[in-house]
Amino acid sequence: MRGTSNSLALISFASVAFAASASLTNSTSGAFVRCLESARLEPVVPGDASYTADTAPFNRRLPWKPAAIVYPKDAKGVSAAVQCGTVHNVKVNARGGGHSYAAYGLGGEDGHLIVSLDDLRHLSISGDVATIGAGNRLGDVALFLWDNGQRAMAHGTCPFVGIGGHATQGGFGLTSRSWGLLSDQVRSIEIVLASGALVTASPTQHPDLFWAAMGAGASFGIITSFTTVTQKAPTDIVAFSYMFADYGPREASAGMQAWQKFSGDTARPLDPHMGLQLHVNPGDGPNGVVFYVSGVYYNADMAKLNATMAPLLAELGTPTSTFFQSQDWITNVLYLAGVNTAAELNTTKGVDGTDFFYATSTIVSHQEPLGMAATDGLMDYFYGPGSDTNVSWFIITDLYGGGKSAVTSRAADFNSFDARDALYTIQYYGTIPSSVPTADGIAFIQGMKASVEEKQPRTAFKEYVNYIDSTYSAEVAHEKYYPTNTKRLTELKNRYDPGRIIHHPQDF
């Protein structure tokens with residue numbers, strides 16, 4: 001253990017073993033810790049001075065208590081940790097950035113062994129192919145690629161999100177309509193299986209494992225490295241926003257209908273170089289809620305943006321305010337991340353934030369767009385209960401499809417990401433203050449989704465696993481995140497991890 005003698009560590013661990021993990025007993029806990037120590041993994045266990053800080057969750061609502069956390073230096077160390085978990089029947093999880101909304105990087109329940117990938121941060125590039133250690137965060141990756149040939153990939157915007165969870169469960173970014181999801185850009189992985197074996201998986205090596213890991217990776221092993229394709233960073237970029245602070249619920253519903261029609265219009269396909277969003281959140285306006293459309297147009301100038309957006313703006317009316325900025329790639333990365341300098345993308349020198357929140361999602365398909373009753377219900381909720389709550393909430397609607405989108409043009413079974421029919425996603429997110437009972441805050445956010453989906457009961461809505469809903473059972477999660485792939489994923493789980501060592505509460 002870090003900074004403790006073996007004897008003191010064993011005494012400390014033994015005193016809290018039952019509280020930390022139902023899977024450990026007095027007869028095995030010492031052996032489990034000794035296994036980790038013999039591999040020179042310096043486990044941090046309950047009672048150690050650094051345990052509270054080392055196990056602090058991003059989502060403070062879910063403070064799971066691992067049995068131990070280790071920080072391997074390389075793939076060999078990851079393998080040794082997994083083998084200790086297997087031998088002593090302790091469930092194992094990887095932690096990359098730690099941003100799982102359900103805190104699955106801490107196990108999603110008490111008593112797991114957490115393999116932190118903080119020290120697996122190697123980065124290299126050769127031509128258009130990058131090799132990325134699984135401990136890297138998105139900010140580090142974006143900065144490295146820019147500094148080494150002005151390369152780029154499609155990925156999310158938060159600098160502290162880890163590449164591991166992001167890439168293995170889809171990984172959407174505003175360039176995804178041009179380049180695909182982050183999981184689509186991965187060419188191969190190195191992954192430690194539940195047996196401890198380190199294997200390379202790709203479309204030609206262990207292709208079934210690669211298929212499963214690119215969409216449901218948290219269930220199939222611990223990835224230690226990714227090989228990805230990169231793109232030449234665009235040079236002509238326009239970021240934009242149109243605010244409609246004077247909307248009421250009827251105008252907002254009509255606006256969402258117009259946005260939806262514009263996004264999926266087959267007669268006038270939207271350029272895949274445009275990343276497009278719709279937002280609703282509390283704000284300064286006569287109704288206490290604001291509606292706005294924003295996005296980024298890559299390989300474009302203001303004239304092209306104006307021409308492209310004119311049909312939508314003709315439906316939305318006159319904005320109460322607008323924002324436009326011409327940017328290069330790295331300026332755009334900073335803008336989307338909400339930071340000012342490239343140095344702030346270096347997460348090794350920064351401090352990640354935390355929140356006390358609940359989130360969930362809806363995926364709207366090309367085949368079954370939202371009807372007016374559904375958008376009326378949603379906007380009535382936002383402009384009604386949403387205007388009078390202490391929960392700090394927002395929704396972000398991200399366009400996945402439309403036109404020749406690289407997300408939806410791939411085959412449905414390209415990998416195990418199970419929403420190639422998506423037109424857009426809606427993320428519902430709420431920070432729950434101490435003045436609001438947690439159950440009430442969760443119910444408030446769930447009411448948002450219900451206000452949409454209950455108005456369209458014949459639609460089997462999917463959801464986006466990177467906005468994982470922590471309240472779901474495994475059965476419900478599979479129905480929402482992997483409705484057509486659950487059978488195949490379960491079969492592969494039985495093959496690669498029959499003992500369910502690599503495990504979380506929504507596992508297969």
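Our subject is the structure that appears above.
Residues numbered from 1 in each chain as written. Predicted model: local features only at pLDDT ≥ 70, side-chain atom pairs only at ≥ 80, totals over all residues. Heavy atoms only, no water.

A. Focus on the environment of Tyr 101. Summarising the element assignment, Tyr 101 is placed in the loop between β2 (92-95) and β3 (113-116). Here Tyr 101 falls in the buried class, since its relative accessible area comes to 14%. Spatially, the C-alpha atoms of Tyr 101 and Ser 470 are 7.0 Å apart, while their sequence positions differ by 369 residues. Apart from the residues lying within four places of it in its own chain, the contact partners of Tyr 101 are Asn 59, Leu 62, Phe 357, Ala 359, Gln 427, Tyr 429, Asn 466, Tyr 467 and Ile 468. (Helix = DSSP H or I, 4+ residues; strand = E, 2+ residues; numbered from the N terminus. Buried < 20%, exposed > 50% of the residue type's maximum accessible area, 1.4 Å probe, protein only. Contact = heavy atoms within 4.5 Å.)

B. View of the layout of surface pockets. Approximately 520 Å³ is the volume attributed to the second largest pocket. Looking at the second largest pocket, it is lined by 26 residues, and the ones nearest its centre are Ala 56, Arg 95, Gly 97, Arg 137 and Asp 352. Residue composition of the lining of the second largest pocket, grouped by class: nine nonpolar, eleven polar and six charged. (1 Å grid on protein atoms, 1.4 Å probe; cavity = no way out; pocket = protein on both sides within 12 Å on 5 of 7 lines; lining within 4 Å. Points joined across faces, edges and corners; volume = space filled by probe spheres on them. Nonpolar A, V, L, I, M, F, W, Y, C, P; charged D, E, K, R; others polar.)

C. Inspection of the sheet that holds strand β12 (residues 274-282) at higher detail. If you trace the seven strands from one edge of the open sheet to the other, you get β14-β11-β13-β12-β16-β17-β15, paired in antiparallel fashion. With one partner strand each, in any of the chains shown, β14 (321-327) and β15 (357-365) form the two edges of the open sheet. For this sheet, the mean inter-axis angle between neighbouring strands, taken without regard to orientation, is 15 degrees. The sheet contacts of helix α12 (residues 329-337) involve β11 (237-244), β13 (289-298) and β14, and relative to β14 the element is tilted by about 140 degrees. Strands in contact with helix α13 (residues 372-383) are β12, β13, β16 (392-399) and β17 (422-431); relative to β13, the strand with the most contacts, it is inclined by about 120 degrees. (Pairing = 2+ DSSP bridges. Axes fitted to C-alpha atoms, helices over the stretch in contact; angles between N-to-C directions.)

D. View of helix α11 (residues 302-316). Its maximal kink placed at Ala 310, α11 deviates by approximately 50 degrees, while the proline Pro 311 follows within four residues. Listed in full, the buried residues belonging to α11 are Leu 305, Thr 308, Met 309, Leu 312 and Leu 316. Among the structural elements, β11, α10 (249-264), β12, β13 and β14 are those in contact with the buried residues of α11. The positive-phi residue at the C-terminal boundary of α11 is Gly 317, with phi of around 95 degrees. (Bend = angle between axes of the 7 residues up to and from the residue.)

E. Quick peek at the sheet that holds strand β1 (residues 68-70). Read across the open sheet, the three strands follow the order β1-β3-β2; overall the sheet is parallel. Looking at which strands have only one partner, the edges of the open sheet turn out to be β1 and β2. The mean inter-strand angle of the sheet, taken between neighbouring strand axes irrespective of direction, is 25 degrees. With three bridges connecting them, β1 and β3 associate as parallel partners. Bridging across to β3, Ile 69 finds its partner in Ile 114. Against the sheet, helix α4 (residues 75-87) makes contact with β1, β2 and β3, and its axis sits at roughly 175 degrees relative to β3, the strand it touches most.

F. How the structure looks around the state of the cysteines. The full count for this structure, using the stated rule, is one disulfide. One disulfide bridge connects Cys 35 with Cys 84, the sulfur atoms lying 2.1 Å from each other. Between Cys 35 and Cys 84, the disulfide has an S-S torsion of -90 degrees and is therefore left-handed. Of the two residues, Cys 35 sits in helix α2 (residues 26-38) while Cys 84 sits in helix α4, which places them 49 residues apart along the sequence. Exposure remark for Cys 35: the relative accessible area of 18% places this residue in the buried category. (Disulfide = S-S within 2.5 Å.)

G. Seen up close, the nonpolar core. Counting residues in hydrophobic clusters, the biggest one holds 98 residues, and the most contacted among them are Phe 32, Leu 113, Val 115, Ile 189, Phe 226 and Trp 329. If near-sequence neighbours (up to four positions away) are discounted, Trp 329 is found in contact with Trp 146, Arg 151, Ala 152, Met 153, Thr 175, Trp 179, Ala 233, Pro 234, Ile 237 and Tyr 298. Residues Tyr 242, Tyr 297, Ile 426 and Tyr 428 belong to the second largest nonpolar core, which totals 49 residues. (Core = buried A, V, L, I, M, F, W, Y, C linked by side-chain atoms within 4.5 Å.)

H. Molecular detail of helix α16 (residues 486-496). Burial in α16 covers these residues: Thr 486, Leu 489, Leu 492, Lys 493 and Tyr 496. Projected down its long axis, α16 carries its buried residues within an arc of 125 degrees, all on one side. Within α16, the exposed residues directed more than 90 degrees away from the buried face are Lys 487 and Arg 495. (Arc of directions from axis to C-beta.)

I. Highlighting the packing of aromatic side chains. For the structure on display, the rule yields 24 aromatic pairs. Pairing Tyr 101 with Tyr 429 gives two aromatic rings, centres 6.0 Å apart and planes at 75 degrees, and the pair type is edge-to-face. Residue Tyr 101 is located in the loop between β2 and β3, and its partner Tyr 429 is located in strand β17; the two are separated by 328 residues in the primary sequence. As far as the burial class goes, Tyr 101 and Tyr 429 line up, both buried. Where Trp 259 meets Tyr 424, the ring centres are 5.2 Å apart and the plane angle is 85 degrees; that geometry is what we call edge-to-face. Of this pair, Trp 259 sits in helix α10 while Tyr 424 is found in strand β17, placing the two residues 165 residues apart along the sequence. Under the relative-accessibility criterion, Tyr 424 is labelled buried at 0%. One aromatic cluster in this structure is built from Phe 58, Tyr 101, Phe 172, Phe 357, Phe 394, Tyr 400, Phe 417, Tyr 429, Tyr 464 and Tyr 467. Between the NZ or CZ atom of Arg 410 and the centre of the ring of Phe 414, over which it lies, the distance is 5.1 Å. Sitting over the ring of Trp 211, Arg 488 keeps its end group 3.7 Å from the ring centre. (Phe/Tyr/Trp six-rings, centres within 6.5 Å; stacked < 30°, edge-to-face > 60°. Lys NZ or Arg CZ within 6 Å of the ring centre and 35° of its normal.)

J. Quick peek at the pairing of β17. Along β17, nine of the ten residues are buried, which leaves the element largely enclosed by surrounding structure. Sheet topology note: the β15/β17 ladder contains nine bridges and is antiparallel. Across the sheet, the residue bridging to Ile 363 is Thr 425, located in β17. With eight bridges joining them, β16 and β17 adopt antiparallel strand pairing. Residue pairing for β17: Ile 396 is matched across the bridge by Gln 427.

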